[in-house]
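Below are the chains, spelled out letter by letter.
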Amino acid sequence: EVQLVESGGGLVQAGGSLRLSCAASGFTFDDYAIGWFRQAPGKEREGVSCISSSDGITYYADSVKGRFTISSDNAKNTVYLQMNSLKPEDTAVYYCAASLDFWAPLHAGDYWGQGTQVTVSS
């Protein structure tokens, strides 16, 4: 019943933009922190960003600060990650995660989705 469905990934040139979406269902959206982590071959999992659905508090990894923006549309139970000025180093599978703990979606969470591939060409 609990589902997190990511969408919006794709292939983009360096300097371009993408907007990822995470559609949540099966739990009380406003009780959870929602975030994104990413994994690339040969690299450690990296927490990207998270947001508290109830009060809007956000966190960004230093590697994406100033380029990425996380937001929440509570009426749609959806979290977005706007990614601007993309770099080849951003290439990874991006996963959406949810947890009652604010920091947990950065590395895992109570729930997570299937992921969406983001590829940034040089």
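The structure we're discussing is the one just above.
Residues numbered from 1 in each chain as written. Predicted model: local features only at pLDDT ≥ 70, side-chain atom pairs only at ≥ 80, totals over all residues. Heavy atoms only, no water.

A. Structural context of the side chain of Ser-49. Position of Ser-49 among the secondary structure elements: in strand S5 (residues 46-52). In terms of polar contacts, Ser-49 uses its side chain to reach the backbone carbonyl oxygen of Tyr-59, at 2.9 Å. Discounting chain neighbours no more than four positions away, the residues touching Ser-49 are Gly-35, Trp-36, Tyr-59, Tyr-60, Ile-70, Leu-81 and Leu-106. (Helix = DSSP H or I, 4+ residues; strand = E, 2+ residues; numbered from the N terminus. Polar contact = N/O pair within 3.5 Å; in protein donor to acceptor, adjacent residues only side chain to side chain. Contact = heavy atoms within 4.5 Å.)

B. Molecular detail of the state of the cysteines. Under the defined criterion, the tally for this structure stands at one disulfide. The closest cysteine sulfur to the non-disulfide-bonded Cys-50 is located on Cys-96, 11 Å from its own sulfur. Judged by its relative accessible area of 0%, Cys-50 falls in the buried class. (Disulfide = S-S within 2.5 Å. Buried < 20%, exposed > 50% of the residue type's maximum accessible area, 1.4 Å probe, protein only.)

C. Layout of the pattern of salt bridges. Counting across every chain of the model gives four salt bridges. Between Asp-90 and Arg-67 there is a salt bridge, with its nearest N and O atoms 2.8 Å apart. Placement of the pair is Asp-90 in the loop between strand S8 (78-83) and strand S9 (92-99) and Arg-67 in the loop between strand S6 (58-60) and strand S7 (68-73), with a sequence separation of 23 residues. Here Asp-90 falls in the buried class, since its relative accessible area comes to 2%. (Salt bridge = Lys/Arg side-chain N within 4 Å of Asp/Glu carboxyl O.)

D. Layout of the pairing of S8. With five of six residues buried, S8 lies mostly within the body of the structure. Of the strand pairs in this sheet, strand S3 (residues 18-25) and S8 are connected by six bridges, and their pairing is antiparallel. In the sheet register, Leu-20 faces S8, and the bridge partner there is Leu-81. Where S7 lies against S8, six bridges are found, and the strand directions are antiparallel. Note that in S8 the partner of Phe-68 across the bridge is Met-83. (Pairing = 2+ DSSP bridges.)

E. Structural context of unusual backbone geometry. A positive phi angle, close to 50°, is found at Asn-77, a residue other than glycine. Inspection of the secondary structure puts Asn-77 in the loop between S7 and S8. The backbone phi angle of Ser-85 is positive, close to 50°, even though this residue is not glycine. With respect to the helices and strands, Ser-85 occurs in the loop between S8 and S9.

F. Focus on the packing of aromatic side chains. In total, this model carries six aromatic pairs according to the counting rule given. Between Tyr-32 and Tyr-111 the ring centres are 6.2 Å apart and the planes differ by 40°, which places this aromatic pair in the tilted class. Here Tyr-32, found in the loop between S3 and strand S4 (33-39), pairs with Tyr-111, found in strand S10 (residues 111-112); they are 79 residues apart in sequence, far enough to count as distant. Since its relative accessible area comes to 29%, Tyr-111 is described here as partly exposed. (Phe/Tyr/Trp six-rings, centres within 6.5 Å; stacked < 30°, edge-to-face > 60°.)

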